[in-house]
Amino acid sequence: MNWSFLKTEIEPGDFLIDCRSQSAYEEETLEGAYYYPFIKKAFGSDPESQKKLYGPMLAVVQEFQKSKKTRIIVFDEGMGMFSTRMVYLLRGMGIKDAYVLGQKWPATGNKSKGELKVEPPIADKVKPIEGVVDKAFMERNLTKLQIFDARTMDEYEGRLPRLTAPEEGTLCGRLPGAFLWDWRNLYDGEANLIERSIFKKRLNGFPFMPERPTVIYDYNGARSCLLALMLREAGYIDVTTYQGSWFEWRKSSLPKQAVAVFGAKQGAAAAPPRVGGVDRKKV
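For the chain, the name recorded in an unreviewed UniProt entry is Rhodanese-like protein, with Leptospira wolbachii serovar Codice str. CDC as its organism.

Turning next to the sheet that holds strand β5 (residues 71-75). Judged by pairing direction, the sheet is parallel, and its 5 strands sit side by side in the order β1-β6-β5-β2-β4 without closing on themselves. Single-partner strands in this sheet number two, and they are β1 (6-7) and β4 (34-35). Note that strand β2 (residues 14-18) and β5 share 5 bridges and pair parallel. Looking at the pairing, D18 lines up with F75 of β5.

Look at the UniProt record and you will see "domain: Rhodanese" (unreviewed entry) annotated at residues 10-117 and 141-258. Structurally, residues 10-117 is divided into 36% helix and 19% strand, and its ends, taken at the C-alpha atoms, are 20 Å apart. Along residues 141-258, the helical share is 24% and the strand share 17%, with 21 Å between the first and last C-alpha atoms.

What follows covers the packing of aromatic side chains. Taken as a whole and judged by the stated rule, the model has 19 aromatic pairs. Ring geometry for F15 and Y34: centres 4.8 Å apart, planes at 15 degrees, overall stacked. Placement of the pair is F15 in strand β2 and Y34 in strand β4, with a sequence separation of 19 residues. Between the aromatic rings of Y25 and Y35, the centroid separation amounts to 5.2 Å while the plane-to-plane angle is 25 degrees, which identifies the pairing as stacked. Taken as a pair, Y25 in helix α1 (residues 22-27) and Y35 in strand β4 lie far apart in primary sequence, 10 residues in all. Neither residue differs from the other here; Y25 and Y35 are each classed as buried. Taken together, W3, F5, F148, F179, W181, F199, F206 and F208 form an aromatic cluster joined through their ring pairs. A cation over an aromatic ring shows up here: K7 above the ring of Y99, its NZ or CZ 4.8 Å from the ring centre. A cation over an aromatic ring shows up here: R20 above the ring of W105, its NZ or CZ 3.8 Å from the ring centre.

Definitions and cut-offs
Residues numbered from 1 in each chain as written. Predicted model: local features only at pLDDT ≥ 70, side-chain atom pairs only at ≥ 80, totals over all residues. Heavy atoms only, no water. Pairing = 2+ DSSP bridges. Helix = DSSP H or I, 4+ residues; strand = E, 2+ residues; numbered from the N terminus. UniProt positions renumbered as here; feature names shortened; annotations may be inferred. Phe/Tyr/Trp six-rings, centres within 6.5 Å; stacked < 30°, edge-to-face > 60°. Buried < 20%, exposed > 50% of the residue type's maximum accessible area, 1.4 Å probe, protein only. Lys NZ or Arg CZ within 6 Å of the ring centre and 35° of its normal.

Here it is, written out as C-alpha cells:
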C-alpha cells in the first residue's frame, strides 16, 4: 500500500480511535482506543449542524493534545468510510499526523473491552474545517466546480436515495453535472485500497484538471473523504468535500438530476450518467 495516509503498524505513542460499530467496540477493541459515535452521523451544513460536527471534532483534538501522544491512528473494519472520514476531518482541524490503520480487523495489537466511549458536546461557536464546504458554497459555485459523486450507480441514477436502509418517500437523484466514481471501486477484489498507479490511471479517464476546484459528495459526507484523501495524493490541488451531501441537497429547492421518489411507481427522470475511469464504456 503506497498511500501516505495509511500506517500499517501501531506504535506505543499512538492515540487510537475505533470507528467500527459501538457493539463491536464494546466487545473488543485495541487497548486504549476511543469511540466517538458522532462520526457515523449525517450532518447538514447549516450553522446549527456545523456546531454539531465542530464541537465533537474539537473535543477529539483537545483529548489528543492533552494525551501528549505523537500521532492519531484511526481504524474500522478495514480502511473504510468512517475511519477515512475521521482522518480527513482531523487533518482539516490541523492535526496533520492523523492516519488510517492499513489493516483489516482484527488488527494486530493488545485487545480489551471498549470503555472509552465519548459523547462530545455541541459547540457554541464554529470555525471552518479546512477542506469542507457548505450548501451555500455549492450553490454559488455549482457551474464552476468539478464534482465527483462517490455513491453507487443506483444512488447516482436515482433508483435509491441511499445505499443502506432506504426509506419509501425519500427523494432520489444527484447534483447537476456530477461525475460518478463509485466509492467501492477504490478497493480491489480483496478489499484493500487500490495502488496509487491504478488510481491515477482511472483518474485520467475523467475530463477533470488537477488545478481546478474539485468537490466530492455522497449521501452523508462519509464516503467522500477517502476519495478526497486519494485525490490530494494524486496531485489535485483544491479538493473539498460537501458536508451536507445528498442528505441535505435533496431537501432544498436547488437543481437536481435523475430525480425520483423511492417507492413510487414512476421511474426516475432520464439523465445520462457521467462516468469516467476504466469502466466508463460499460455504462
